[in-house]
Amino acid sequence: MRPAKGAKRNEKGARMTSTTTVLDTDPAPRSVAAPSRADVHEAWRRIFRHLGPSPLVPSPQLGLGTLLKVETLQPTGSFKVRGALSALTLLPPDTEVVCASAGNHGLGVAHAASLLGLRARVVCPLRASPAKIEALRRLRASLVLHGETYDEAEEHALELARREGSRYVSPYNDTQVIAGQGTLGLELLRQVRPPFTVVCPIGGGGLAAGVALAVSAVPGVRVVGVECEASAAMRASLDAGRIVSVPVRATLADGLGGNLEPGTVTFALCQRYLADVAVVAEEEIEEAVRFLVRAHGLVVEGAGAVAVAALLAGRVQSEGKAVALVTGRNIDLRALARLL
């Protein structure tokens, strides 16, 4: 990875990057195995009993040959259902699972649990998107609202799982969840001829790590991650060479908000397989949401639009075609109305 320019330390010794102040943290990490490409292929065989391939849509406005991979048409409105099905299809019947989520992972887990006869408890922050909370209630998930931030919700979900002996399913730091997200990469290899560049949102890194792992053996295919400036924990960690925490601000891309779980396996996978990580500003995300409505008639949430934001702003240089992953549609309609 290329380090951010202008990195320095402030007067308290915290490392500074171009967009974030890095805060050192050192809690004990969970032990999670990195998936292999074979795991991704196995996940493909399990989940496509339940999911069909998502479409590719040409977007010449973004550049000749540019394509949108439209995951907003998944049953829960987001790619997250891939990883949830991958993980839950391996569990015994009547298992209780616990997850933390800004919304979309929880929707994927709740949907998978209902298909497979499992019990699911979803922990969301109090400020989670009303659209996602309402969708979770429609799925009749056991919903717990806890904490002001995603980090606080994640800590509470981990504690619930430890205390009750439930299976914790991380939205990103989970072998089978990453493998499930990687099926999107296998799907692209069937749909697009190399060379091409996949432009991929990053929050905890489960999607970026899975897709980059899935395509890593194919010459001419590269993956570039995109974070929001308000929560650029992966970019800061890659610059630092280790997992660090950053201040997190409110963002339209709420699905990407929050710091990385200490020791997350996605960090090493992103470090090894990603070509680069770009960072987009809030106004660029807002413009991408408007562009997708105007140019394609697509309703897309902020986190789902960051790949398009990076292309619109010229922050990603593609080799061959660019394929932007449009990953979720679950935006609060009042927020969308304000943007439009």
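Residues numbered from 1 in each chain as written. Predicted model: local features only at pLDDT ≥ 70, side-chain atom pairs only at ≥ 80, totals over all residues. Heavy atoms only, no water.

Right, let's get into the overall build of the chain. Each helix and strand counted, the chain has twelve helices and twelve strands in total. Taking 340 residues into account, the globule formula puts the C-alpha radius of gyration at 20 Å, and the chain, at 18 Å, falls close to it. Projected onto its principal axes, the C-alpha positions of the chain cover 50 × 50 × 45 Å. Across the 340 residues of the chain, 58% fall into the buried class. Sequence-distant contacts, at least 24 apart, represent 73% of the contacts inside the chain between residues at least 6 apart. In the structure as shown, the chain presents an accessible area of about 13,900 Å², 51% of it carried by carbon and sulfur atoms. Across the chain, the mean location of the 38 positive side-chain charges is 5 Å away from that of the 32 negative side-chain charges. (Helix = DSSP H or I, 4+ residues; strand = E, 2+ residues; numbered from the N terminus. Rg over C-alpha atoms; globule rule 2.2 N^0.38 Å. Buried < 20%, exposed > 50% of the residue type's maximum accessible area, 1.4 Å probe, protein only. Contact = heavy atoms within 4.5 Å. Areas by Shrake-Rupley, 256 points an atom, 1.4 Å probe, with all protein chains shown as cover. Lys, Arg positive; Asp, Glu negative; His and termini not counted. Charge placed at Lys NZ, Arg CZ, Asp CG, Glu CD.)

All right, on to the environment of L107 then. By the secondary structure assignment, L107 is in helix α3 (residues 104-116). Residues L107 and V122, 15 residues apart in the sequence, show an inter-C-alpha distance of 8.5 Å. Once residues within four sequence positions are removed from consideration, L107 is found in contact with T76, K132, A135, L136, L139 and N330.

With respect to topology, four strands assemble into an open sheet ordered β7-β6-β5-β8, the strand pairing being parallel. Both outer strands of the open sheet, β7 (142-145) and β8 (167-168), are each paired with one neighbouring strand and no more. Bridge count for strand β5 (residues 96-100) against β8 is two bridges, and the pairing is parallel. Each bridged residue has a counterpart across the sheet, and for V97 the counterpart in β8 is R167. Contacts between α3 and the sheet are confined to β5 and β6 (119-124), with β5 contributing the most and set at about 165° to the helix. (Pairing = 2+ DSSP bridges. Axes fitted to C-alpha atoms, helices over the stretch in contact; angles between N-to-C directions.)

Let us now look at the pattern of salt bridges. Working definition: two side chains of opposite charge can pair if their charged atoms are close together. This structure, assessed with the given rule, holds 20 salt bridges. Two residues, R82 and E71, come together in a salt bridge whose shortest N-O distance is 2.8 Å. Taken as a pair, R82 in helix α2 (residues 80-88) and E71 in the loop between β4 (67-70) and α2 lie far apart in primary sequence, eleven residues in all. One network of salt bridges, in which partners are shared, links K69, E71, R82 and E187. (Salt bridge = Lys/Arg side-chain N within 4 Å of Asp/Glu carboxyl O.)

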